[in-house]
2 protein chains.
Amino acid sequence: MEGIKIAVDAMGGDHAPDAIVEGVVNYLKDDKDVCLVLVGKKRLIKKELKKNNFNDLDEIRIIDATEAVSMREHFLSYWKKRERTSIKMALDLIKRNEAHAMVSAGNTGAVMAIAKNSLGTLKNIDRPALALMIPTLKGNSLIVDVGANVDSKPRNLVQFALMGKVYLENIHGVNNPKIALMSVGEEEAKGNELTKTTYNILKSLDINFIGNIEGRDAYIGEADLIVTDGFTGNVILKVAEGVVNVTASMLKREVMSNLLSKIGFFFLKSSFKRLMKKFDYTEYGGALLLGVNGIVIIGHGNSNAKAVKNAIALSKKFITENVLDKISNEIEKYQKTFKELKHV
Amino acid sequence: MEGIKIAVDAMGGDHAPDAIVEGVVNYLKDDKDVCLVLVGKKRLIKKELKKNNFNDLDEIRIIDATEAVSMREHFLSYWKKRERTSIKMALDLIKRNEAHAMVSAGNTGAVMAIAKNSLGTLKNIDRPALALMIPTLKGNSLIVDVGANVDSKPRNLVQFALMGKVYLENIHGVNNPKIALMSVGEEEAKGNELTKTTYNILKSLDINFIGNIEGRDAYIGEADLIVTDGFTGNVILKVAEGVVNVTASMLKREVMSNLLSKIGFFFLKSSFKRLMKKFDYTEYGGALLLGVNGIVIIGHGNSNAKAVKNAIALSKKFITENVLDKISNEIEKYQKTFKELKHV
């Protein structure tokens, strides 16, 4: 295929298809070197393109999908119709070499399940994981897994660590990233059965394993990569999001309670804006589904046009950096380890 | 025994014994109706009392303990010497009816392990849990467990729910508290094996179970009581603490970056102070170790004198509200349920 092609699930997310189409159009204003394939209900997509005064169909292709998976739709409901969904049809483009990556802000569970089933996992990888960058005091850290595997085994966590390492080295240029295991105390003996076994394996590998990390230190930025099971990782993300929002709301309430504070806030506004931007998921582009045989980016369900645009930019980086092959090669090195861990 | 007696571990915490003794002395300035028993190295305690100009030994008793457990001390290390530690000797006072409660800001793992071994658990309770109030947009919510059981079974979580219910009804006057299960989605089908099984049991009980709650909504205050395993609960607490601190640090950095912001901050200072107070653990007095046969309060390891004072006040409330008996009675009602859950 010529040039970079990225499939975009036009029907995924709370604000689909309008925010998705707007994000796609905005992306193409800055970068005309890619072809974006919008997958979804053609009539709706065309309407949105028109709204955005977009007529240049060289850079956009539309593929009609009759079904969409809604944000809270249950597995049993979407699995039956999956073949006709925008998610599956977008993923099929990767399989047929008609796209290099797929971006969706849709139902995370559905994208993960359909992607795993349709693309399969990379050799030596048991289960895919969601990898997301979080803001920290020192910059950013990558968390793997933030929701793909709610019941993980030690060998899954070890694979997450190795895949995350390749991600950081290639996408963020972090040399020999500091890898930490999320636990309830820094000491080796602290943790649950899962983390204690995982600790011992990570310690034995030729990686920069810095030991356990506590929630307190995660947002300081002590580690480049934080490894955890999907249940804990998902809870962490949502608690952090909740705390930031609640703190902002409480502060607003405090500020509005008296005139002096209101004056103060007026002067501080730009500082606040810059701060909130750090915690703004729309800046980060979404999470990468590590371990499937294709580049799949899952954006926040609440994605606006900016988030969609950033997700497309992120997916392009994965393509140009050839991250998939690099992960496969790195994982290959540890083939022996994974064989030993088969039942762990 | 006459009057209320509370045992205080003088050697527990990052700032022991000075902050502990200062907290005890400050408490007695407001409330002379209790007798506080300081347990620890007598010579050090006496020195601190002198520093605080405290000579009235009617309200304070000292019990000499030759050993202290340090904050990061390992199980194998403290278990051997436990009989001579301030933790064990303070708990012994409860056992001998010489104290109605015990307060420690020491090594959480050590206090929990020694308390469980020494006091035993309440009838029908398999494992104790740590219960802590967290600040929310709507007020406060109780989280159980925040670190006692890193590997929990469904029946443990059910017991946590019932004990937490009694706590809220009696200490905070919450009528039929809304009980939620921490998970990765609101829908019943979302979660890991542990939460999915627990969901089904909680649903079947005659309690105000409102279903799953996500981290995002926990700090909004959608539930009065959040039930979770000790690993997840502990991670939640520490992530929240980390995010609040990091947000404050980032804001400070932003504020100091230009003059207008500095001026703004000057006017906003009091608002900030009130806000930070809400997230200040020293206001909350510490966590209750639910399910052991005695009232045991575990304060933050970083407790200052104010936190110690508030922990003593909280323990007094548990005593006067007779919370221990009420928990036993409530649990008794569910005896049949627990028998059925023996292997769950």
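Model, not experiment: these values are computed from the prediction.

## Structural notes on the pairing of strand β6 (residues 139–144) of chain A
Residues and elements named next belong to chain A.
- As judged from the 6 bridges shared by strand β5 (residues 129–136) and β6, these two strands associate in the antiparallel manner. Across the sheet, the residue bridging to Pro135 is Asn140, located in β6.
- If you look at the hairpin formed by β5 and β6, you'll find 2 residues sitting between the two strands.
- Bridge count between β6 and strand β9 (residues 225–227): 3 bridges; the pairing is parallel.

## Focus: the sheet that holds strand β6 (residues 139–144) of chain B
Residues and elements named next belong to chain B.
- Strand order in the open sheet made by the 11 strands is β3-β2-β1-β4-β11-β10-β5-β6-β9-β7-β8, with mixed pairing throughout. Edge positions in the sheet fall to β3 (60–64) and β8 (209–213), since each of these pairs with one other strand and no more. Within this sheet the neighbouring strands show an average axis-to-axis angle of 25°, counted without direction.
- The pairing of strand β4 (residues 101–104) with strand β11 (residues 295–298) spans 4 bridges and is classified as parallel. Within β11, the residue paired with Val103 across the bridge is Ile297.

## Focus: the interface of chain B and chain A
- At the interface, 52 residues of chain B touch 52 residues of chain A.
- The set of elements that each furnish at least two residues to the side of chain B that touches chain A consists of α8 (215–218), α9 (230–255) and α10 (259–278) of chain B.
- If you tally residues by element for the side of chain B that touches chain A, the top one is α9 of chain B, at 19 residues.
- Tallied by class, the residues present in the side of chain B that touches chain A amount to 26 nonpolar, 14 polar and 12 charged.

## Details of the domain arrangement of chain A
All names here are of chain A.
- Looking at the assigned domains, one finds that chain A contains domain 1 (1–124 + 291–320) and domain 2 (126–283).
- Using only C-alpha atoms to locate each centre, domain 1 and domain 2 end up separated by 26 Å.
- If you look at the interface, domain 1 gives 15 residues, while domain 2 gives 12 residues.
- Sorting the residues of the side of domain 1 that touches domain 2 by element identifies α5 (108–119) and α11 (305–320) as the ones contributing at least two each.

Definitions and limits used
- Residues numbered from 1 in each chain as written.
- Chains lettered and ligands numbered in written order.
- Predicted model: local features only at pLDDT ≥ 70, side-chain atom pairs only at ≥ 80, totals over all residues.
- Pairing = 2+ DSSP bridges.
- Helix = DSSP H or I, 4+ residues; strand = E, 2+ residues; numbered from the N terminus.
- Axes fitted to C-alpha atoms, helices over the stretch in contact; angles between N-to-C directions.
- Contact = placed C-beta atoms within 7 Å.
- Nonpolar A, V, L, I, M, F, W, Y, C, P; charged D, E, K, R; others polar.
- Domains from an automatic or database assignment.

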